[in-house]
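Below are the chains, spelled out letter by letter.
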Amino acid sequence: MAESHGSEALEGAVGCDAVDRGRDARREYVSQEGRTPKGVIRIRDAETLASAVRWARRAKAPLVPSSSGPPHYLATLAMPP
């Protein structure tokens, strides 16, 4: 069976509680160009980070790190459809 690289696979990789797709959370990370990410990963620990990076490499999805607190200027996480 082919491995899925979509958003469901991300949630399986890092845990549903680490992925926030809420409108308010995504608005915090709007880029200067006005692009809104499809989701935000809340990194809890080194294993969550490693899992997110592995998922992004397989899915060819860019990850853009952000500081833990606002403002999140240009801090977006692009997720494929």
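This text goes with the structure placed above it.
Rules used in this analysis
- Residues numbered from 1 in each chain as written.
- Predicted model: local features only at pLDDT ≥ 70, side-chain atom pairs only at ≥ 80, totals over all residues.
- Heavy atoms only, no water.
- Helix = DSSP H or I, 4+ residues; strand = E, 2+ residues; numbered from the N terminus.
- Contact = heavy atoms within 4.5 Å.
- Salt bridge = Lys/Arg side-chain N within 4 Å of Asp/Glu carboxyl O.
- Buried < 20%, exposed > 50% of the residue type's maximum accessible area, 1.4 Å probe, protein only.
- Patch = residues over 30% accessible without salt bridge, like charges linked within 9 Å, V, L, I, M, F, W, Y side chains within 5 Å.
- Areas by Shrake-Rupley, 256 points an atom, 1.4 Å probe, with all protein chains shown as cover.
- Core = buried A, V, L, I, M, F, W, Y, C linked by side-chain atoms within 4.5 Å.

J.: Break down the side chain of Ser51 for me, citing the residues and quoting the values.
T.: For Ser51, the location among the structural elements is in helix α3 (residues 46-59). The residues touching Ser51, leaving out its near neighbours within four places in the chain, are Ala13 and Val14.

J.: Hey, could you go over the pattern of salt bridges for me, with residue numbers and the actual values?
T.: Scanning the model with the defined rule gives four salt bridges in all. We note a salt bridge from Asp17 to Arg44, for which the minimum N-O separation is 3.3 Å. Highlighted residues: Asp17 in the loop between α1 (7-14) and β1 (19-20) and Arg44 in the loop between β2 (40-41) and α3, separated in sequence by 27 residues. Overall, Asp17 belongs to the exposed group, its relative accessible area being 63%. Owing to a relative accessible area of 47%, Arg44 belongs among the partly exposed residues under this scheme. Residues Arg54 and Glu47 are paired through a salt bridge, measuring 3.0 Å at the closest nitrogen-oxygen approach. For Glu47, a relative accessible area of 48% puts it in the partly exposed group.

J.: Give a description of a nonpolar patch on the surface that names residues and reports values.
T.: A cluster of nonpolar side chains, contributed by Ile43, Leu49, Val53 and Leu63, occupies part of the molecular surface with about 300 Å² of accessible area. Looking at where Leu49 falls in the secondary structure, it is placed in helix α3. Owing to a relative accessible area of 44%, Leu49 belongs among the partly exposed residues under this scheme.

J.: Requested: an account of the nonpolar core, with residues and values cited.
T.: Ala9, Leu10, Val14, Ala18, Val19, Ile41, Ala52, Trp55, Ala56, Ala59 and Ala61 form the largest nonpolar core, which has 11 residues in total. Elements with a minimum of two residues in this core: α1 and α3. Per-element accounting of this core gives the leading share, four residues, to α3.

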